[in-house]
Amino acid sequence: MARTPQGPSDISLRDFMEAIGSAEETHGAVSTAAAGGGLGSSLLLMVAALPQTRSDSVADRTKLIEAMTALGAVREQLIETIETETAVKLFTARNMPQASATQRSERQAAIQLALRASADVPLEVMRLCARGLELAATVAAHSGAPASADVQLGVTLLQAGFDG
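Quick caveat, the model's predicted, so the values are computed rather than measured.

What counts and how
Residues numbered from 1 in each chain as written. Predicted model: local features only at pLDDT ≥ 70, side-chain atom pairs only at ≥ 80, totals over all residues. Heavy atoms only, no water. Helix = DSSP H or I, 4+ residues; strand = E, 2+ residues; numbered from the N terminus. Buried < 20%, exposed > 50% of the residue type's maximum accessible area, 1.4 Å probe, protein only. Contact = heavy atoms within 4.5 Å. Areas by Shrake-Rupley, 256 points an atom, 1.4 Å probe, with all protein chains shown as cover. Core = buried A, V, L, I, M, F, W, Y, C linked by side-chain atoms within 4.5 Å. Polar contact = N/O pair within 3.5 Å; in protein donor to acceptor, adjacent residues only side chain to side chain. Salt bridge = Lys/Arg side-chain N within 4 Å of Asp/Glu carboxyl O. Axes fitted to C-alpha atoms, helices over the stretch in contact; angles between N-to-C directions. Parallel < 35°, antiparallel > 145°, perpendicular 65-115°, else oblique. Left-handed = near helix turned anticlockwise from the far one by under 90°. Nonpolar A, V, L, I, M, F, W, Y, C, P; charged D, E, K, R; others polar. Expected span 1.5 Å × (residues − 1).

> Would you mind going over the overall build of the chain with me for this structure?
When you go through the chain residue by residue, the secondary structure sums to six helices and zero strands. Reading the chain from its N terminus to its C terminus gives the helix and strand order α-α-α-α-α-α. For the chain, the residues scored as buried account for 35% of the 164 residues in total. A separation threshold of at least 6 residues defines the contact pool for the chain, and within that pool the share at least 24 residues apart is 73%. Only carbon and sulfur atoms are counted for the fraction: they give 59% of the accessible area of the chain, which is about 9,300 Å².

Written out as structure tokens, the structure is:
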């Protein structure tokens, strides 16, 4: 019996990481890149929420709040890209019935749609990670110096997500 692929919202982080390392699962480089970008965004959100800012000014806090709002949106969209990973759609399309000409035609159309989407998802992950990197500059400029290592790690994860 064929196993139904699961999305990351259906499994634990441990299971997701194990699935990425398995040749039998559908999670691949795009999901990994999006997860890395999402983790980087989360770290930057944490830094932006810290009570200490660069100069403890209202201007710093305002910029950090604006960055938090935008980073939250970036993170949510990266999670959505993982959950819509096209390998799952392609797997499903390839397993559609093909007994009749109509079924073969529907299967072929579903495969073509999944293949077209497979180019869109990586580009979306890159766009979102690039936006996260732009926001990282704001967080770095307005957050307290003690959080600089967290900012650096967030930037590294977003860069890896972009490059992935």
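> What am I meant to see in the nonpolar core here?
Considering soluble globular proteins, one finds that nonpolar side chains tend to be buried as a cluster. In terms of nonpolar packing, the biggest core is built from 27 residues, with Leu44, Leu71, Leu78, Val125 and Val139 touching the most fellow members. At the level of secondary structure, the elements contributing two or more residues to this core comprise helix 2 (29–49), helix 3 (58–83), helix 5 (101–142) and helix 6 (148–163). Looking at this core, the element that brings in the most residues is helix 2, giving eight residues. The contact partners of Val125, leaving out residues within four places of it in the chain, are Val30, Ala33, Ala34, Leu78, Thr81 and Gly161.

> In this structure, what is going on with the side chain of Thr81? I would like to understand it.
Structurally, Thr81 can be placed in helix 3. A distance of 2.6 Å separates the side chain of Thr81 from the backbone oxygen of Leu78, its partner in a polar contact. Residues contacting Thr81, with those up to four places away along its chain left out, are Ala34, Val121, Glu124, Val125 and Leu128.

> Please clarify how the pattern of salt bridges should be interpreted in this entry.
When the charged atoms of two side chains with opposite charge come close together, those side chains can pair. All chains considered together, the criterion is met by two salt bridges. Glu124 is the salt-bridge partner of Arg127, the closest N and O atoms lying 2.7 Å from each other. Note that Arg127 and Glu124 are positioned in helix 5 at a spacing of three residues, about one turn of the helix. Under the relative-accessibility criterion, Arg127 is labelled partly exposed at 43%. Glu134 is the salt-bridge partner of Arg131, the closest N and O atoms lying 3.2 Å from each other. Placement of the pair is Arg131 and Glu134 together in helix 5, with a separation of three residues, close to one helical turn. With a relative accessible area of 34%, Arg131 lands in the partly exposed category.

> Could you clarify how one ought to interpret the packing of helix 3 against helix 5 in this entry?
Between two packed helices, both the angle of their axes relative to each other and the distance between the axes serve to describe the pair. For the pair helix 3 and helix 5, interaxial distance at closest approach is 9 Å and the crossing angle is 160°. One element, helix 3, and the other, helix 5, form an angle in the roughly antiparallel class. The handedness of the crossing between helix 3 and helix 5 comes out as left-handed. Only Val121, Glu124, Val125, Arg127, Leu128, Cys129, Arg131, Gly132, Leu135, Thr138, Val139 and His142 of helix 5 make contact with helix 3, whose side of the interface consists of Asp60, Lys63, Leu64, Ala67, Ala70, Leu71, Val74, Gln77, Leu78 and Thr81. Split into classes, the residues belonging to the contact of helix 3 with helix 5 amount to twelve nonpolar, five polar and five charged.

> Sorry if this is basic, but what is going on with helix 2 here?
Within an α-helix, residues lying three or four positions from one another point in the same direction, as the helix has 3.6 residues per turn. Counted at 1.5 Å a residue, the expected span for helix 2 with its 21 residues is 30 Å, and the 30 Å between its end C-alpha atoms agrees. Judged by how many residues are buried, helix 2 sits mostly within the fold: 15 of 21 residues are covered.

> I keep staring at unusual backbone geometry and nothing clicks. Help me out?
If a residue is not glycine, its phi is most likely negative; likewise, a peptide bond is most likely trans. At Asp56, a position not held by glycine, the phi torsion is positive, near 55°. Take Asp56: it is sitting in the loop between helix 2 and helix 3.

> Could you clarify how one ought to interpret the environment of Leu158 in this entry?
Inspection of the secondary structure assignment puts Leu158 in helix 6. Sequence spacing of Leu158 and Ala136 is 22 residues, and the spatial spacing of their C-alpha atoms is 9.1 Å.

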